[in-house]
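An overview of the molecular structure
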Amino acid sequence: MSSDDKNILDRRAFLAKISAGIAIAGVGLSAIPFIRAMSPTRDILASGRTEFDISDLKTGQIKTVIWRKQPVFILRRTSQMIKETERMDQSALSDPAPTEERAPRPDIFVALGICTHLGCVPKFMGKIPETDISGFYCPCHGGKYDSIGRRLAGPPPENLHLVPYTVESDSRITVGTETFAGYGENIRLMSRLPKA
Ligand code: FES
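Please read all numbers here as calculations on a predicted model, not as lab measurements.

Overview of the sheet that holds strand β10 (residues 172-175)
- With respect to topology, three strands assemble into an open sheet ordered β1-β10-β9, the strand pairing being antiparallel. The open sheet is flanked by β1 (50-53) and β9 (165-169), the only strands paired with a single partner. The average angle at which neighbouring strand axes cross in this sheet is 25 degrees, direction not considered.
- Sheet topology places β1 next to β10; four bridges connect them, and they run antiparallel. Opposite glutamate 51, over in β10, you have threonine 174 as the bridge partner.

Now the structure itself:
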């Protein structure tokens, strides 16, 4: 074999090695989207706890946010609403719980926005029909709850269910924990909730 032939063979072997290297790298790079698709996204990992801006929520207003695909009510209660629930006769409630067990910070109430009867989304009203107090009214079958979600009347068997949350400041609130699922947890007392 002449030295020219040897050079040509060496060059071919070199080019073949480079091509093989590029092919392997290509396979590796094309696998990245699949690996990414199979790993939990940052969104999913973060969805256990979600921070919401409540700076625009004025006293007496309610905001419905979506947390883990479920509606969550955030209500900024007026002093009138606080008085109404304080004055209520606990023995008249079918699922009684004091304010500190429903809203430890009485001016803010947070709960799942799902009626405990058959799962409709209740409306917040300045006056619940046939009463003179504020609260939640479920139009599906006439369920009524006060402004801390305690069942007053109608077919709902229980108070609105609670979710773990932290009031970070007057303008921010964090809802949820990494593990609390929300709907189906059936928690009706703050003291039974996991820490947010
Ligand atoms: Fe709310 Fe029936 S679903 S009262």
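Considering the packing of aromatic side chains
- Counted under the stated rule, the structure contains four aromatic pairs.
- Each ring, one from phenylalanine 73 and one from phenylalanine 136, has its centre 5.1 Å from the other, and the planes form 15 degrees; the classification is stacked. In this pair, phenylalanine 73 sits in strand β3 (residues 70-76) while phenylalanine 136 sits in strand β6 (residues 135-138), placing the two residues 63 residues apart along the sequence.
- A residue is classified by how much of its surface remains accessible, and phenylalanine 73, at 3% relative accessible area, is buried.
- Residue classification places phenylalanine 136 among the buried residues on the basis of a relative accessible area of 0%.

Details of the pattern of salt bridges
- Counting across every chain of the model gives eight salt bridges.
- Among the salt bridges present, the one from aspartate 56 reaches lysine 63, with a minimum N-O distance of 2.9 Å.
- Each member of the salt-bridge network shares a partner with another, and the members are Asp95, Glu158 and Arg188.

A short note on the pairing of strand β4 (residues 108-112)
- Of all five residues in β4, five are buried; the element is thus mostly enclosed.
- As paired elements, β3 and β4 share five bridges and run antiparallel to each other. For arginine 76, the partnering residue across the bridge sits in β4 and is isoleucine 108.

Here we look at helix α3 (residues 79-87)
- Listed as buried for α3 are Met81, Glu84 and Thr85. Angular distribution of buried residues about the axis of α3 spans 90 degrees; they occupy a single face of the element. Residues of α3 that are exposed and point more than 90 degrees away from the buried face comprise Ser79, Glu86 and Arg87.
- The secondary structure elements touched by the buried residues of α3 are β3, α4 (99-102), β5 (123-125) and β7 (143-146).

Let's talk about the sheet that holds β5
- If you trace the four strands from one edge of the open sheet to the other, you get β5-β6-β7-β8, paired in antiparallel fashion. Pairing within the sheet leaves two strands with one partner each, and these edge strands are β5 and β8 (151-153). Sheet twist, expressed as the average angle between the axes of neighbouring strands with direction ignored, equals 35 degrees.
- Pairing between β5 and β6: three bridges, direction antiparallel. Each bridged residue has a counterpart across the sheet, and for lysine 123 the counterpart in β6 is tyrosine 137.

Some thoughts on the side chain of asparagine 159
- With respect to the helices and strands, asparagine 159 occurs in the loop between β8 and β9.
- Exposure remark for asparagine 159: the relative accessible area of 0% places this residue in the buried category.
- A polar atom in the side chain of asparagine 159 sits 2.7 Å from the backbone nitrogen of arginine 151.

So, the environment of lysine 144
- Structurally, the position occupied by lysine 144 is in strand β7.
- Along the primary structure lysine 144 and proline 155 are separated by 11 residues, whereas in three dimensions their C-alpha atoms are 8.7 Å apart.
- Discounting residues that sit within four places of it in the chain, lysine 144 has contacts with Ile128, Pro129, Glu130, Phe136, Tyr137, Arg150, Arg151, Leu152 and Ala153.
- A polar side-chain atom of lysine 144 sits 3.1 Å from the main-chain carbonyl oxygen of proline 129.

Thresholds, definitions, all that
Residues numbered from 1 in each chain as written. Predicted model: local features only at pLDDT ≥ 70, side-chain atom pairs only at ≥ 80, totals over all residues. Heavy atoms only, no water. Pairing = 2+ DSSP bridges. Helix = DSSP H or I, 4+ residues; strand = E, 2+ residues; numbered from the N terminus. Axes fitted to C-alpha atoms, helices over the stretch in contact; angles between N-to-C directions. Phe/Tyr/Trp six-rings, centres within 6.5 Å; stacked < 30°, edge-to-face > 60°. Buried < 20%, exposed > 50% of the residue type's maximum accessible area, 1.4 Å probe, protein only. Salt bridge = Lys/Arg side-chain N within 4 Å of Asp/Glu carboxyl O. Arc of directions from axis to C-beta. Contact = heavy atoms within 4.5 Å. Polar contact = N/O pair within 3.5 Å; in protein donor to acceptor, adjacent residues only side chain to side chain.

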